[in-house]
Amino acid sequence: MTDDVNGWVPSADAWIASMGEQGDWARRTFLDAAMVERATTISGQFLDVGCGEGRFARLLKDHGMSGTGIDPVPRLIETARKRDPEGDYAVGFGEKLTFADASFDLAISYLSLIDIDDYRQAIGEMTRVLKPGGLLLIANLTSFFTAGKWQRSLTGAANNFQMDDYSQERANREKWAGIDVINWHRPLGAYFEALLGNGLQLTHFSEPTPPPVDDPKHDRYTRVPGFLVMEWKKPV
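What this report covers is the structure whose coordinates are included nearby. Residue numbering note: each chain is counted from 1, following its sequence as written. With the structure being a predicted model, the display of local features is reserved for residues of pLDDT at least 70 and the display and counting of side-chain atom pairs for 80 or more, all residues being used for whole-chain, interface and lining totals. Here the side-chain values reflect all heavy atoms present in the structure, with hydrogen atoms and water set aside.

A word on the pairing of strand S4 (residues 104-110). Only protein chains enter the area calculation, which uses a 1.4 Å probe; residues under 20% of their type maximum are buried, those over 50% are exposed, and those in between are partly exposed. Each helix is a run of H or I in the DSSP string that is no shorter than four residues. Each strand is a run of E no shorter than two, and both are numbered from the N terminus. In terms of residue burial, S4 counts as a mostly covered element, since seven of its seven residues are buried. Should DSSP find at least two bridges between two strands, the strands are regarded as paired. As paired elements, strand S1 (residues 45-49) and S4 share three bridges and run parallel to each other. What sits directly across from Asp 48, in S4, is Ile 108. Strand direction decides the pairing type here: S4 and strand S5 (residues 130-141), joined by six bridges, are parallel. What sits directly across from Tyr 110, in S5, is Ala 139. Seen with the strands pointing away from the viewer, any crossover whose path from the first strand over the helix to the second strand runs clockwise is right-handed. As for the winding sense of the linkage, the β-α-β connection from S4 through helix H5 (residues 119-129) to S5 is right-handed.

Okay, empty space enclosed by the protein next. Cavity: a set of points on a 1 Å grid over the protein atoms alone where a 1.4 Å probe fits but cannot get out. Pocket: an open set with protein on both sides within 12 Å along at least five of seven lines, its lining residues, like those of a cavity, having an atom within 4 Å of a point. Grid points are joined across faces, edges and corners, and a volume is the space filled by probe spheres set on the points. In total, this model carries one cavity of 30 Å³ or more according to the counting rule given. Size it by volume and the largest cavity reaches roughly 30 Å³. Lining the largest cavity, in full, are Phe 46, Ala 57, Lys 61, Gly 67, Thr 68, Gly 69, Asp 84, Gly 87, Asp 88 and Tyr 89. The element that contributes the greatest number of residues to the lining of the largest cavity is strand S2 (residues 66-71), accounting for three residues. For this classification, the nonpolar set comprises Ala, Val, Leu, Ile, Met, Phe, Trp, Tyr, Cys and Pro, the charged set comprises Asp, Glu, Lys and Arg, and every other residue, Gly included, is treated as polar. Considered class by class, the residues forming the lining of the largest cavity number three nonpolar, four polar and three charged.

What is meant by a nonpolar core is a set of buried Ala, Val, Leu, Ile, Met, Phe, Trp, Tyr and Cys residues, joined one to another through side-chain atoms within 4.5 Å. Leu 106 and Leu 136 are the most contacted members of the largest nonpolar core, which totals 56 residues. Among the nonpolar cores identified, the runner-up in size contains eleven residues, and Trp 8, Ala 14, Met 19 and Ile 179 belong to it.

With that out of the way, let us pick up the packing of helix H2 (residues 25-39) against helix H3 (residues 55-62). Every angle, taken between N-to-C directions, lies between 0 and 180 degrees, and every axis is a line fitted to C-alpha atoms, over only the stretch in contact when it is a helix. Axis separation between H2 and H3 bottoms out at 11 Å; the angle between their running directions is 55 degrees. As far as their axial angle goes, H3 and H2 are oblique. As H2 runs across H3, the sense of the crossing is right-handed. Contacts between H2 and H3 involve Arg 27, Asp 32, Met 35, Val 36 and Ala 39 from the former and Arg 55, Phe 56, Leu 59 and Leu 60 from the latter. Note that the term roughly parallel is reserved for angles under 35 degrees, roughly antiparallel for angles over 145, roughly perpendicular for angles of 65 to 115, and oblique for everything else. Crossing handedness is defined as follows: a turn of the near helix away from the far one that is anticlockwise and smaller than a right angle gives a left-handed crossing, while the clockwise case is right-handed. Working rule for contacts: check all heavy atoms of both residues, and any pair within 4.5 Å makes them a contact.

Moving on: the pattern of salt bridges. Note on pairing: side chains with opposite charge can pair once their charged atoms come close. For salt bridges, the criterion is a side-chain nitrogen of Lys or Arg within 4 Å of an Asp or Glu carboxyl oxygen. What the rule picks out here adds up to 14 salt bridges. Its salt-bridge partner being Glu 174, residue Lys 149 comes within 2.8 Å of it at the nearest N-O pair. Taken together, the positions of Lys 149 in strand S6 (residues 148-151) and Glu 174 in strand S8 (residues 170-176) put the pair 25 residues apart, joining distant regions of the chain. In this structure Lys 149 comes out as partly exposed when scored by relative accessible area, which is 41%. What emerges from the salt-bridge pattern is a single network uniting Asp 13, Arg 75, Glu 78 and Lys 82.

This is the structure:
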């Protein structure tokens, strides 16, 4: 990982502005609901790995949950603390968690695995800090989505999605709304290998899509699978 956390340090203010309090279009339209539905089945303490400015941790607190958020970008943690002075937020890296074994009932990676260079180490660390019977809840971009790009039509026809080099893990530079960061593409099998290799058991898998709405972004996440939500249990 670079000194600027793969672009996230200089992009922090743009990210904060783009998220607001409700999140971006996908989060506020359908992805938050899918994640909250799964997270709120668990009682006890949560750990939000890659919590950013703390928006989802605050949302879970609004649902009566309590826990800790970590992120490697100091500006994002500073904002999380300002917006939730009673919350527990710290600068930290998913690949090297500072918590004792079996500290949490729920570990969350909400669109953060795509930002972590050593995802295998991060999955191992999240597994380590889970209590036996605890859950690892993951939302991620699908590997189909990270392997391709939407191509704008110049003829008036519908835009199309082109995918290539699916099996090749690679870092992709992504730019939007003043944000300029590295996201990782990995085949879904690579994630499954790491999760199963840590002894975790899959208990939920879904590909959330937006409800019918009159918005151009709707097709972006229905014509191509954009997101997945997985829940993995640490055996007792």
